[in-house]
Structures are given as structure tokens and as C-alpha cells.
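Fold and contact review
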Amino acid sequence: MIKKAIIPAAGYGTRSLPVTKVIPKEMFPIGGKPAIHYIVEEAIQSGIEEILIVVSKWKNIIVDYFDASLELEAFLEKNNKLHLLKYTEMPDVHIQYVRQPYSRGLGDAILLGKRFVGNEPFAVLLPDDIIINAKTPALSQLVETYNSTNASVIGLNQVSPELVKKYGVIDGTPVSSNVYKLNGIVEKPQSNPPSNLAVIGRYLFDPAIFSFLEQVTPDQSNEIQLTEAISKMLGGHDCYGELIDGDRFDIGSDDEYTELVKKFTHPKGKK
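Residues numbered from 1 in each chain as written. Predicted model: local features only at pLDDT ≥ 70, side-chain atom pairs only at ≥ 80, totals over all residues. Heavy atoms only, no water.

The next subject is the pattern of salt bridges. For the structure on display, the rule yields twelve salt bridges. Among the ionic pairs, Asp250 bridges to Arg15, the shortest N-O distance being 2.7 Å. One end of the pair, Asp250, is in strand β13 (residues 247-250); the other, Arg15, is in the loop between β1 (4-8) and β2 (29-30), and 235 residues separate them in sequence. Here Asp129 makes a salt bridge to Arg248, at a shortest N to O gap of 2.8 Å. Within this pair, whereas Asp129 is found in strand β7 (residues 129-132), its partner Arg248 is found in strand β13, the two being separated by 119 residues in sequence. Of the residues examined, Arg248 reaches a relative accessible area of 16% and is grouped as buried. Through salt bridges with shared partners, a single network forms among Arg15, Lys25, Asp128 and Asp250. (Salt bridge = Lys/Arg side-chain N within 4 Å of Asp/Glu carboxyl O. Helix = DSSP H or I, 4+ residues; strand = E, 2+ residues; numbered from the N terminus. Buried < 20%, exposed > 50% of the residue type's maximum accessible area, 1.4 Å probe, protein only.)

Below you can see the structure in the form of C-alpha cells.
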């Protein structure tokens, strides 16, 4: 069983400037709750019992959000607004935090979770990607495949040809209608992509991934690319990709975030 998950939330959110100068992208509101709240709920629904959130020093608001607010609770009680207490309840899961001192990419953020994970398989959920209308939570879909293959699994989404260059893209051999065995993976191919199967922000990894992350040479931006570590891992470990059932929205895209917000109605009766 997979019980631990890492949620990387330390990036600058440059696609959503200028608002991300003061509000982390992970805290963008969706139906009255921040985006990262939905990610934590998905993890819990998928059997996760311990979560490590990777933050940067200017994202303390994320830590504050998941903490108890005794002052607010006292205010609601004093002003006869106890019916609002239910809106202050946080997901029932153990959450730890670690800071990423420097912006060194997704691979580095995951590597910070090595001690937290230990020698267990673990999940990675990216708060950029909100997946709704799935019969089974997105991460749970990967868990089912992991249990049947006993190998790392990454979430996939079919994208149109003009968008392939924005994602990590796999070269895979079909093993079922929605599962592929990876032969290779390329980060943001600008020409001749191996497929239109793009990686989205859900992963299940064997802990062996850490040894390959440690082998990755930082790129020109001094970032450790997760895609390169996965590529190295394929030399001796199986890895599968699974098309995620559900509607995926990238909250770093203004258009997709706006479309997602329209699908949620803010809870009524808050006065």
C-alpha cells in the first residue's frame, strides 16, 4: 500500500504574475477553497496517510492554511456563528513541511523528500493540475496500476499536436487501452515528439527514483529535471504511463483556471 505523498509547492508561479508575487498559485481559490486543498483531499481519498509539502520561505501562507485557527474559532463562537465552523475544518491527514532553499526545479523538490519517504513507494501530486469529474480519484487510478505492475506509474493526458512542446512526452508501448510501458521520455520536445501522450502532475514512484535524481546534472537554469531522472531509471526499472480518466485543468493557465472556477459554486449561507 502507498501511504506517503510529496506535494511540491515551492515554485515562483511565474506564469501567473503579478498576483503570484503575493499569493502562491497553490492558494488560488476554487469554489471557496484553495487549489492545494483539493490536492490534499485527492491524496486522502487515494489512501495516503502522510504528506510532505515542499514550500519556499515566502509560502508560509500554505502552512498557516492547514494549521488550526484558534482566534477565528473563538471569534465565531463569540459572535454566534458556530454554523461556520465546518468551513474551517482541515483534511484529516498528517502533514509535514520542508523548505526548498533555492529554486532548483521539480526534481530537487522531490529529492528533498528522500528521508521522509524512506524505502517505500510514494506518490507525487503537483498542485498545478486539478482533475475533476473522474469516477475514481486520479491518484487512485495510478495506485490500481501500481498494484498490478509493482512498478512506477506516471499520469498521462492526450494533448493536441501544437501543445506537445509544453510537456514531458513519453514513448510507450500499449499494454492495455489506457496503460503504456515506457520506452523513453522527452522533456518539452520542440520537434519530432515521440507521441502526443503528455505527462501530467500525478506520479507513483519506487524509491529507486531518488538514486537517479541524485545522478542528474542541473540544466542551464540550474534545475534538476524529473524527466531526466525518469529517463535514467528506465535503464534498469520498468515504468508505466496511464491515461487519467477525468477533466484536467492547469491553474497556471489563465483560460483553464477561469474555466475551472466556473464549474464550482461557492458554498451558500456564509454571513
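There's plenty left to go through after this.
The next thing to look at is unusual backbone geometry. The omega torsion across Leu17 and Pro18 is 10 degrees, close enough to zero to call that bond cis. For Pro18, the location among the structural elements is in the loop between β1 and β2. Positive phi, normally seen in glycine, also occurs at Asn192, with a value near 50 degrees. Its place among the elements puts Asn192 in the loop between β10 (179-187) and β11 (197-205). If you check the backbone angles, Asn222 has positive phi at about 65 degrees while not being a glycine. Note that Asn222 resides in the loop between α7 (209-213) and α8 (226-233). With relative accessibility at 43%, the residue Asn222 sits in the partly exposed group.

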